Amino acid sequence: MDERAALALLADDLPAAGDDAAVVGEQVLTTDMLHDRTDFPVGTTRYTAGWRAVGASLSDVAAMGAEATAAVAVYAAPSFDESELREFVRGARDVCAYVEAEYVGGDLDRHQEFTVSTTVLGRTDSPVRRSGASPGDAVCVTGTLGRSGAAIRLFEQGEYDRANDLFRFTPRVVPGLAVASHATAMIDSSDGLARSLHQLADASDCGFAIERPLPIDEAVDDVAPDEATRRELGVFFGEDFELVFTIPPGQLPGVRDCCDVQITKIGTVTEPDEGLTLAGDALRDRGYTHAGEDDAE
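As the structure is a prediction and not an experimental result, all values here were calculated from the model. Here the residue numbers are simple positions, counted from 1 along each chain's written sequence. In view of the model being predicted, local features appear only for residues whose pLDDT reaches at least 70, and side-chain atom pairs are presented and counted only at 80 or more, with totals across whole chains, interfaces and linings using the full set of residues. Side-chain numbers come from the whole structure's heavy atoms, not from hydrogens or water.

Let us now look at the sheet that holds strand β1 (residues 22-24). Strand order in this open sheet of five strands is β1-β2-β5-β3-β4, and the pairing throughout is mixed. Because the sheet does not close on itself, it has two edges, and the strands there are β1 and β4 (102-110). Taken over all neighbouring pairs, the strand axes of this sheet differ in orientation by 20° on average, direction set aside. Where strand β3 (residues 67-77) lies against β4, seven bridges are found, and the strand directions are parallel. Among the inter-strand pairings, Ala 70 is bridged to a residue of β4, identified as Glu 102. On top of the sheet, helix α4 (residues 82-98) reaches β3, β4 and β5 (115-123); it is set at about 150° to β4, its chief contact. At least two DSSP bridges between two strands are needed for those strands to be called paired. Per the convention used, a helix needs a DSSP run of H or I reaching at least four residues, while a strand needs a run of E reaching at least two, with both numbered from the N terminus. Fitting a line to C-alpha atoms yields each axis, with helices limited to the stretch in contact; the angle taken between N-to-C directions then spans 0 to 180 degrees. Contacts are assigned to residue pairs with any non-hydrogen atoms lying within 4.5 Å of each other.

Below, the structure is given as C-alpha cells:
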C-alpha cells in the first residue's frame, strides 16, 4: 500500500483531515516527516535540512492562510555530531524567523537513518480550505515552479553550494496571509503542480483549464536538456512549496498589489465534467510521493 492508498484508507476514520493542516478552534496544526534517503540528497547540509524540514510544515500553515506562530522538530540520527546538530537548529530557527514564527525546540533520538519530524502551529479565524473553488475563478500560483527539481539535478552533479541554496525555499506565509481573505481554495505545491490541482479539483468538485507558459524557475533551464525535462521538473516533480490558489478574477489585481512575491494566473476553474487540462491536453494525476519516486495515475 502506497502513501495515497493509506490516506484513502484512513479518510472515513478521520473526517476532519484533507487540508494542508488541521483546524482546531482558531489554530491550525500540521506535522511532517522527512528522511535522509528520500528527502536529503548527498550534499545537503544540516543547515539546509533544518531550514527545509521546518519550512515544509510552515508551508502547510501558509496554505491555510494562517499566521505561523511556533515550530518544533524531532531530530533522529545514528549519532549526534555537535556541529551538525547546531547547524540543523540554526537552519530551523532562521526559517522560522524569516516568517516571524518561533522555533521552540523538540526532541532528540537515535535512529539508523537521519530523520526529521516537524510540527508547526499557526493561527487564523478564517482558514482557507481546498474545497471552495468555483467555475470562473482564476487559478494562480506564487513564485516559480521546478526549483527543487533543479536542485536535485545539481546535487547529482556535485554542485552542492547552488543546490543547497535552491533547496532553502521561502515558505509563503506572508503571501498566504495576503491571499487568505480573497482566495476561494488553496493548497501548497509540495506534491507538484499537477497533483496539487487534482487534489483541489477533488475537494472542490471542479475542473481546471491550465494554460502555458507556466512560471518555470530559471534554474530549470540550466539542468533541463529538453522541453520534456523542463515540463517534468516544473509540472510533476513537486517539492517547490509554492501556493496554488483560486480567486475571483476581479480580486486578483488587488492581491498582486499587496503581495511581495510574483503571482501568476495559470488558468481558470471549469465545470467538473471538463476535467483537468494543460494547454488543451489531459493533465495526469502524477507527482511526488514520500516513497521517493514519481508515481503514475
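A few words now on the UniProt feature "binding site: Mg(2+) 2" (unreviewed entry) in the protein chain. UniProt positions are given in the numbering used here, feature names are shortened, and annotations may be inferred rather than shown by experiment. The UniProt record marks Asp 32 and Asp 60 with the feature "binding site: Mg(2+) 2" (unreviewed entry), using the residue numbering of this structure. A maximum C-alpha distance of 9.4 Å is found for the annotated residues, which run over 29 residues; spatially they form one tight group. Along the chain, Asp 32 turns up in strand β2 (residues 27-35). Throughout, exposure labels follow a simple rule: accessible area from a 1.4 Å probe, protein chains only, divided by the maximum for the residue type, with under 20% read as buried, over 50% as exposed, and the rest as partly exposed. Overall, Asp 32 belongs to the partly exposed group, its relative accessible area being 21%. Those residues in contact with Asp 32, other than ones at most four positions away along the chain, are Ala 56, Ser 57, Asp 60, Val 116, Ser 117 and Thr 118. One polar contact links Asp 32 to Ser 57, side chain to side chain, over a distance of 2.7 Å. Following the sequence through the fold, Asp 60 ends up in helix α3 (residues 46-63). Take Asp 60: its relative accessible area is 7%, and that puts it in the buried class. The definition of a polar contact used here is a pair of N or O atoms within 3.5 Å, where within protein one atom must be able to donate a hydrogen and the other to accept one, and adjacent residues in sequence count solely through side-chain atom pairs. A distance of 2.9 Å separates polar atoms of two side chains, one belonging to Asp 60 and the other to Thr 30.

Time to look at the packing of α3 against α4. Axis separation between α3 and α4 bottoms out at 6 Å; the angle between their running directions is 40°. Taken together, α3 and α4 sit at an angle that is classed as oblique. The interaxial crossing formed by α3 with α4 has right-handed handedness. Contacts between α3 and α4 involve Arg 46, Tyr 47, Ala 49, Gly 50, Trp 51, Val 54, Gly 55 and Leu 58 on the former and, on the latter, Glu 84, Glu 87, Phe 88, Arg 90, Gly 91, Ala 92, Asp 94, Val 95, Cys 96 and Tyr 98. In the contact of α3 with α4, the residues fall into ten nonpolar, three polar and five charged. Here is the rule for angles: anything less than 35 degrees is roughly parallel, anything more than 145 is roughly antiparallel, 65 through 115 is roughly perpendicular, and the remaining ranges are oblique. Note: crossing handedness is left-handed where the near helix turns anticlockwise from the far helix by less than a right angle, and right-handed where it turns clockwise. Polar here means any residue outside two lists: the nonpolar Ala, Val, Leu, Ile, Met, Phe, Trp, Tyr, Cys and Pro, and the charged Asp, Glu, Lys and Arg; Gly therefore counts as polar.

Domains are outlined according to an automatic or database domain assignment. For the protein chain, the assigned domains are domain 1 (3-123) and domain 2 (138-282). Taking the mean C-alpha position of each, domain 1 and domain 2 sit 21 Å from one another. Buried area: the accessible area, evaluated with a 1.4 Å probe, that two parts lose upon being put together, summed over both parts. Overall, the association of domain 1 and domain 2 removes approximately 2100 Å² of surface from exposure, summing both partners, and the carbon and sulfur fraction of that is 61%. A carboxyl oxygen of Asp or Glu within 4 Å of a side-chain nitrogen of Lys or Arg is what we treat as a salt bridge. In this assembly, domain 1 and domain 2 are joined by one salt bridge. The partner of Arg 52 in a salt bridge is Glu 239, with the nearest N and O atoms 3.7 Å apart.

Turning our eyes to something else, we now look at the sheet that holds strand β8 (residues 207-210). Spatial ordering of the open sheet is given by β7-β9-β6-β10-β8-β11-β12, a layout of seven strands whose pairing is mixed. In this open sheet, the two edge strands, each paired with only one partner strand, are β7 (185-188) and β12 (281-282). Each of β6 (138-142), β7, β8, β9 (243-247), β10 (263-270) and β11 (276-278) touches helix α8 (residues 193-204); the most contacted strand, β7, lies at about 145° to it.

Packed helix pairs are specified by the crossing angle of their axes together with the interaxial distance, meaning the distance between the axes. Orientation of helix α5 (residues 147-156) relative to helix α6 (residues 160-167), taken along the N-to-C sense of each, is 160°, at an axis distance of 8 Å. As summarised for this structure, α5 and α6 are arranged roughly antiparallel, according to the angle between their axes. Crossing of α5 over α6 shows left-handed handedness. For the pair α5 and α6, contact is made by Arg 147, Ser 148, Ala 150, Ala 151, Ile 152, Leu 154 and Phe 155 and by Tyr 160, Arg 162, Ala 163, Asn 164, Asp 165, Leu 166 and Phe 167, respectively. Residue composition of the contact of α5 with α6, grouped by class: nine nonpolar, two polar and three charged.

Here the focus is the pattern of salt bridges. For the structure on display, the rule yields 14 salt bridges. With its nearest N and O atoms 3.1 Å apart, the salt bridge here joins Arg 129 to Asp 19. On the criterion of sequence distance, the pair formed by Arg 129 in the loop between β5 and β6 and Asp 19 in the loop between α1 (3-10) and β1 is long-range, its members being 110 residues apart. Look at Arg 129 and you get partly exposed, because its relative accessible area is 34%.

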